[in-house]
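An overview of the molecular structure
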Amino acid sequence: MARAAITVIGAGPAGLAAAVCAAECGRRVVLVDENPLPGGQIWRAKKNLPAIETEPWRRRAQAAGVEWRTGCQAAQATPERLWLESAGEAETLAWEQLILATGARELLLPFPGWTLPNCCGAGGLQALVKAGLAIAGQRVVVAGSGPLTLAVAAYLQQQGARVLLVAEQAAPMQAAAAALLLFSSPARVRQAWRMRDALRGVEIQAGCWVEAAEGAERLQRVRLRRGRRRWSLECDYLACGFGLRPNSELGQLLGCALNAEAGLQVDRWQQTSVARIWCAGDASGVAGVEAALLAGQIAGYAAAGRQDLAAAFIARRDRQQRASRRLLRRLALRQELRRLAADDTWFCRCEDVPIGEAQAYASWREAKLQTRCGMGACQGRICGAAGRFLWGWEAAGVRPPIVPVRVGTLALTETGEAQ
């Protein structure tokens, strides 16, 4: 069994910063991430080339002696150890202190045709393109809500896609107020100007959303609505996401309390409700990359017992988080999105449960017992979040394994011996 003084789960901006700061304090740090290269979703590597943003942190991590576990997933956790799987091999890692930087995932909401091939989450399509999907010359509609849609549209345009439309569901006045908040810091100003240049000539409409995706074998067109106007637009890809939701499952498995955003509840030092466990970045509440970097540094120093160093970042983190909360309030999801799906629209696409069947039940637990929704490969990460928005369902408790793993890894969690 491997051992680490401080274990960090997730090598996105928050996890990288936490690992570096803890290691520079002289602690032995192991950094675990499912991807082959650091950066997480926001700084995802392109075709196995490291993102330029990771380089300063990667060099500091290397100099400080951070130990890497790449291509590695955490499947189970107890207050003493983690069960990991990498390339089909299972191992256990004993931890003394744990920093969770597990990030966030897109909120996907059901509408007719949302499971057609070439219908993707906004960030999902961006990840596919970074992994090598040819997008040049392809007609793309980007829709949903939040800054991610603009960032994805700008990236796709830069990669040669023909972005036909960016549809933001928030009303024009709300979207304009949110846009002003993008200028709340120098880094955000620079990002906003880069996106403006990349999206020059691209149509952007606020108060606009997708009502349906249509096609035979794959997506051929989308039906859009803005106010009373309805129209169709032929396209090759639809990238549609309605913001981000925290990946809090590993913390829940360890008994950490949740906050109102369904992220892990943390104090001013990024410590969770459970002793020896910290959380940084979007897993404790979606607030953007700047806030994630600051929270990661606070968590890393605090876990290493250097609150004196962590204190220097608290005021800036709080400002970034307040700005992000204001932005998200401006982009609150409209009620019409709750009424998009027909009875035969898939609600749980893993287990083929239609929305007409799922909505007959009063709770997530009852629907899961009766229909198997949430029991597929994603373990309810997609339909569970959608049910929370559509009907106010509270998710049931988390059970291991939290990711799909080999039977041998499951056996290891029971016996403590590798299979």
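This text follows the structure it describes.
Structural notes, computed from the coordinates. Nothing here was measured: the structure is a model prediction, and the numbers come from that model. (Residues numbered from 1 in each chain as written. Predicted model: local features only at pLDDT ≥ 70, side-chain atom pairs only at ≥ 80, totals over all residues. Heavy atoms only, no water.)

1. Describing the overall build of the protein
Helix and strand content of the protein: 14 helices and 19 strands. Seen through its C-alpha atoms, the protein measures out along the principal axes to roughly 60 × 50 × 35 Å. Split into buried and exposed, the 419 residues of the protein put 51% on the buried side. Pairs at least 24 apart in sequence give 65% of the contacts found in the protein among residues at least 6 apart. When the accessible surface of the protein is summed, it comes to about 18700 Å², and 50% of that surface belongs to carbon and sulfur atoms. (Helix = DSSP H or I, 4+ residues; strand = E, 2+ residues; numbered from the N terminus. Buried < 20%, exposed > 50% of the residue type's maximum accessible area, 1.4 Å probe, protein only. Contact = heavy atoms within 4.5 Å. Areas by Shrake-Rupley, 256 points an atom, 1.4 Å probe, with all protein chains shown as cover.)

2. Concerning the sheet that holds strand S8 (residues 119–120)
The strand order across the open sheet built from 5 strands is S8-S15-S9-S10-S11, with neighbouring strands paired in parallel fashion. Each of the sheet's edge strands pairs with one partner strand only, and the pair in question is S8 and strand S11 (204–206). Judged from the 2 bridges that link them, S8 and strand S15 (residues 237–242) form a sheet pairing that is parallel. Directly across from Cys-120, in S15, lies its bridge partner Ala-239. Of the strands in this sheet, strand S9 (139–145), strand S10 (162–168), S11 and S15 touch helix H4 (residues 147–158), which is tilted by about 175 degrees from S10. (Pairing = 2+ DSSP bridges. Axes fitted to C-alpha atoms, helices over the stretch in contact; angles between N-to-C directions.)

3. Comments concerning the layout of surface pockets
Here the second largest pocket is characterised by a volume of approximately 470 Å³. Lining the second largest pocket are 21 residues, with Leu-150, Ala-179, Leu-182, Met-195 and Ile-204 positioned closest to its centre. Listing elements by their share of the lining of the second largest pocket, those giving two or more residues are H4, S10, helix H5 (172–181), helix H6 (186–198) and S11. Of the residues in the lining of the second largest pocket, the class split is 17 nonpolar, 2 polar and 2 charged. (1 Å grid on protein atoms, 1.4 Å probe; cavity = no way out; pocket = protein on both sides within 12 Å on 5 of 7 lines; lining within 4 Å. Points joined across faces, edges and corners; volume = space filled by probe spheres on them. Nonpolar A, V, L, I, M, F, W, Y, C, P; charged D, E, K, R; others polar.)

4. Brief notes about the sheet that holds strand S13 (residues 221–226)
A sheet is described by the order of its strands in space; here 3 strands give the open sequence S12-S13-S14, paired in antiparallel fashion. Edge strands, defined here as strands with exactly one partner in the open sheet, are strand S12 (208–214) and strand S14 (229–234). On average, each strand axis in the sheet is inclined to that of its neighbour by 25 degrees, with strand direction left out of account. Looking at chain direction, S13 and S14 are connected through 6 bridges and run antiparallel.

5. Details of a positive patch on the surface
A surface patch of positive charge is lined by Arg-316, Arg-319, Arg-322, Arg-325, Arg-326 and Arg-329. Examined against the element boundaries, Arg-326 turns out to sit in helix H10 (residues 314–330). On the accessibility criterion, Arg-326 (32% relative accessible area) is partly exposed. (Patch = residues over 30% accessible without salt bridge, like charges linked within 9 Å, V, L, I, M, F, W, Y side chains within 5 Å. Salt bridge = Lys/Arg side-chain N within 4 Å of Asp/Glu carboxyl O. Lys, Arg positive; Asp, Glu negative; His and termini not counted. Charge placed at Lys NZ, Arg CZ, Asp CG, Glu CD.)

6. Details of H5
For H5, the set of buried residues is Ala-175, Ala-178 and Leu-181. Projected down its long axis, H5 carries its buried residues within an arc of 110 degrees, all on one side. Pointing more than 90 degrees away from the buried face of H5 are the exposed residues Met-173 and Leu-180. On its buried face, H5 sits against S10, H6, S11 and H10. (Arc of directions from axis to C-beta.)

7. Description of the pairing of S10
Counting buried positions along S10 yields 5 of 7 residues, so the element is predominantly enclosed. Handedness of the crossover is the feature at issue here: the chain leaves S9, passes through H4, returns alongside S10, and the resulting connection is right-handed. Here S10 runs beside S11; their pairing, made up of 3 bridges, is parallel. What sits directly across from Ala-167, in S11, is Gln-205. (Right-handed = clockwise from strand over helix to strand, strands pointing away.)

8. What to know about the side chain of Thr-7
With respect to the helices and strands, the residue Thr-7 is situated in strand S1 (residues 2–9). The exposure class assigned to Thr-7 is buried, which follows from its relative accessible area of 0%. Sequence-distant contacts of Thr-7, defined by excluding residues within four places in its chain, comprise Val-30, Val-32, Leu-82, Leu-93, Trp-95, Gln-97, Leu-98 and Ile-99.

9. Quick look at the pairing of S13
Strand direction decides the pairing type here: S12 and S13, joined by 6 bridges, are antiparallel. Pairing of Cys-208 across the sheet is with Arg-226, part of S13. Connecting S12 to the next strand, S13, in antiparallel fashion are 6 residues. Linking S13 to S14, which pair antiparallel, is a turn of 2 residues; within it Gly-227 sits at a positive phi near 65 degrees.

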